[in-house]
Amino acid sequence: MVRALLFGALALLASTSSAYDVIREYSGNTFFDGWDFYGAPDNLTLGNVTWVSQTDAMSLGLAYVNTQGNVILKVDNTTNVTYGQERNSVRITTQDAYDLGSLWLIDVHHIPYGCSVWPAFWSFGPQWPNDGEIDIIEAINLMTYNQMAIHTTPGCTQSGLVNQLGTSGSTTDCSQPAGCTVMETSPNSFESGFAAAGGGVWATKFDDTGISIWFWSRPDVPQSINQSTSTSSLDLSGWGTPHANYTSTTCNMNEFFTPQNLVLDITLCGNWAGLSWDYDPTCGSSGPTGLCYNDCVVGPGSPRYDTAYWDISYIRTYTTRSSSPSPTETPSFSSSTATGTGSTGTSMVSTTPTQSDIS
């Protein structure tokens, strides 16, 4: 049973406070204690993977804690996949759901990348798509930048005059298939450049006043984060302008979002990374057929998927409010498959939550 962290009544001061207290830290040998493994094929984005169970992920070496104490989640790069089979990968979802008034921090050293590879760190409400979705880290193939987004039911928009460092996509209606996307403009937010710079940190503020996402490459991470611990409070006052910003003036957070579960996953090909107009420009020459599945998923896993892994130091969740866990229903997903998307991401027109819709 998924637990929701449901917060009490909030005074105006709490809503605008820059000090956040830790709810929990996911890290080290206890990281996986707070997550559920999907344990089924990717029926959400039509990706060519099977998201394996926790038992299989551990035994196959697809989910583990390395000698540095970091969490590794990866695509199988040891199996020679024959035509008609899928490649094994991992998707995990937090058992806790985090309500308005929370802050989520993720410290990452390596993000999966490569032709056909589609990683994401995102959130969703239990009755998708009615409860909203936030895409914090997501990109495909050999993109060099991260793309952030929110997805909602009709009525939520992103103002064209929003104060943010990223560049908004062409759609301001967040119920459209692409959602309200924001392209990262700071360097080294994805692909090989991200790891070469030492990784980085994302922070997501999920609040009545709006949703704000910050990104810092390793050299630019604020001291307030570098000096923080698993028990210390966190001060946001020196963080500056967010990289993506969705304000309540054009999107009522209480109307379009409920408590959010956090998700980490990696799929392959599917209805964004595998679409010809997104795959061909950088990856179309990966093999003789020009097709994502045939030329990437099928065949040996190495060296193709040697870079398709997450390396995560920690994920921390914070709140400005007094909170106590209480049971809520398990997130409900349709078993139907997602339909096609545009070049900016996956579609919300299906009754299935696309792993990105999410993009």
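Bear in mind the structure is a predicted one, so any value in this text is a computation, not a measurement.

Student: What is the right way to look at the overall build of the chain in this model?
Tutor: If you tally the helices and strands in the chain, you get 8 helices and 22 strands. Classification of the 359 residues of the chain by burial places 56% in the buried group. Within the chain, contacts between residues separated by at least 24 positions form 74% of all contacts whose residues are at least 6 apart in sequence. For the chain, the exposed surface amounts to about 13,000 Å²; the carbon and sulfur share of it is 51%.

Student: Please clarify how the nonpolar core should be interpreted in this entry.
Tutor: Soluble globular proteins tend to bury their nonpolar side chains together. One finds W202, L264, W310 and I315 to be the most contacted residues of the largest nonpolar core, which totals 71 residues. Among the nonpolar cores identified, the runner-up in size contains 14 residues, and L103, V201, W214 and Y318 belong to it.

Student: What should I look at first to understand helix α7 (residues 276–283) in this one?
Tutor: Spacing of three or four residues puts side chains on the same side of an α-helix, whose turn is 3.6 residues. Within the sequence span of α7, burial applies to D278, Y279 and C283. Along the axis of α7, the buried residues cluster in a sector spanning 90°; they form a single face. Where α7 is buried, its residues meet α6 (270–273) and α8 (292–297).

Student: Quick question: what am I supposed to make of the packing of aromatic side chains here?
Tutor: We describe a pair of aromatic rings using the distance from one ring centre to the other and the angle between the two ring planes. In this structure the tally under the stated criterion is 16 aromatic pairs. Measuring from centroid to centroid gives 5.7 Å for W118 and W272, while their planes differ by 85°, and the two rings are edge-to-face. Of this pair, W118 sits in strand β11 (residues 117–124) while W272 sits in helix α6, placing them 154 residues apart in sequence. W272 shares its class with W118; the two are buried. Ring geometry for W216 versus W239: centroids 5.0 Å apart, planes at 75°, classification edge-to-face.

Student: Would you explain unusual backbone geometry in this entry?
Tutor: Residues apart from glycine generally show negative phi values, whereas peptide bonds are mostly found in trans. Backbone torsion omega between S302 and P303 reads 10°, so that peptide bond is classified as cis. Along the chain, the position of P303 falls in the loop between α8 and β21 (309–319). The phi angle at N188 is positive, at roughly 65°, despite the residue not being glycine. Relative to the helices and strands, N188 is located in the loop between β15 (180–183) and α3 (191–196).

Student: It is not clear to me how the environment of A244 should be interpreted in this structure. Could you clarify?
Tutor: Within the element layout of this structure, A244 appears in strand β19 (residues 244–247). Between the C-alpha atoms of A244 and G166, which are 78 residues apart in sequence, the distance is 5.8 Å. For A244, the residues in contact, after removing those within four places along its chain, are M148, Q164, V182, I211, S212 and I213.

Student: What is the right way to look at the sheet that holds strand β5 (residues 49–51) in this model?
Tutor: By definition, the strands of a sheet pair up through backbone hydrogen bonds, in either a parallel or an antiparallel sense. Taken in spatial order, the 3 strands of this open sheet run β4-β5-β8, and their pairing is mixed. The sheet is open, and its two edges are formed by β4 (40–41) and β8 (87–89), each paired on a single side. Looking at chain direction, β4 and β5 are connected through 2 bridges and run antiparallel. Considered in β5, the bridge of P41 is made with T50.

Student: Quick question: what am I supposed to make of the state of the cysteines here?
Tutor: Among covalent bonds in proteins, the disulfide is the one between the sulfur atoms of two cysteines. Enumeration according to the criterion identifies 4 disulfides in this entry. Between the sulfur atoms of C156 and its disulfide mate C251 the distance is 2.0 Å. Where C156 bonds to C251 through sulfur, the torsion about that S-S bond is close to -105°, and the disulfide is left-handed. In this pair, C156 sits in the loop between β13 (147–151) and β14 (167–168) while C251 sits in the loop between β19 and α5 (253–256), placing the two residues 95 residues apart along the sequence. Among the residues examined, C251 registers a relative accessible area of 0% and is labelled buried. Note on cysteine connectivity: C269 is disulfide-linked to C292, with sulfurs 2.1 Å apart. Between C269 and C292 the disulfide shows an S-S torsion of about -90°. By sign, it is left-handed. Of the two residues, C269 is situated in the loop between β20 (260–268) and α6 and C292 in helix α8; the sequence distance between them amounts to 23 residues. Across this residue pair, the class does not change: C269 and C292 are buried.

Student: Would you explain the confidence of the model for the chain in this entry?
Tutor: Parts of the prediction with low pLDDT should not have their coordinates interpreted in detail. Averaged over all residues, the pLDDT of the chain equals 87, while 84% of them reach at least 70. Here residues 323–330 scores under 50 on pLDDT; set against residues more than four positions off or in separate chains, the count is 23 contacts. Here residues 332–359 scores under 50 on pLDDT; set against residues more than four positions off or in separate chains, the count is 124 contacts.

Student: Help me understand the pairing of strand β17 (residues 210–217), please; the structure alone is not making it clear to me.
Tutor: Regular strands place side chains that alternate from one sheet face to the opposite one. With 8 of 8 residues buried, β17 lies mostly within the body of the structure. Neither face of β17 is left uncovered, since the one carrying G210, S212, W214 and W216 and the one carrying I211, I213, F215 and S217 both have all their residues buried. Note: strand β16 (residues 200–207) against β17, 8 bridges, orientation antiparallel. Paired with W202 across the bridge in β17 is F215.

Student: What am I meant to see in the pairing of β11 here?
Tutor: Burial within β11 is extensive, with 8 of its 8 residues counted as buried. Both faces of β11 are covered, namely the face carrying V117, P119, F121 and S123 and the face carrying W118, A120, W122 and F124. Where β11 and strand β12 (residues 133–138) come together, 5 bridges link them in antiparallel fashion. When the sheet's bridge partners are listed, F124 is paired in β12 with E133.

Conventions and cut-offs
Numbering of residues starts from 1 in each chain and follows the order in which that chain's sequence is written. With the structure being a predicted model, the display of local features is reserved for residues of pLDDT at least 70 and the display and counting of side-chain atom pairs for 80 or more, all residues being used for whole-chain, interface and lining totals. Only hydrogens and water are removed before side-chain values are computed, so all heavy atoms of the structure are retained for them. In this description a helix means any DSSP run of H or I spanning at least four residues, a strand means any run of E spanning at least two, and both kinds are numbered starting from the N terminus. Whether a residue is buried, partly exposed or exposed follows from its accessible area with a 1.4 Å probe, protein chains only, as a fraction of its type maximum: under 20%, in between, or over 50%, in that order. In what follows, residue pairs with any heavy atoms lying within 4.5 Å of each other are defined as contacts. Under the convention used here, a 1.4 Å probe and the Shrake-Rupley method define accessible areas, while residue burial counts only the protein chains that appear. Residues belong to a common nonpolar core when they are buried Ala, Val, Leu, Ile, Met, Phe, Trp, Tyr or Cys residues joined through side-chain atoms within 4.5 Å. For this quantity, the arc is that covered by the directions from the helix axis to the C-beta atoms. Pairing of aromatic side chains requires ring centres within 6.5 Å, counting the rings of Phe and Tyr and the six-membered ring of Trp. Pairs whose planes differ by under 30 degrees are stacked, by over 60 edge-to-face, and all others tilted. DSSP calls a pair of strands paired once it identifies at least 2 bridges connecting them. Disulfide: a pair of cysteine sulfur atoms within 2.5 Å of each other. A residue's pLDDT is simply how confident the predictor is in it, with values from 0 to 100.

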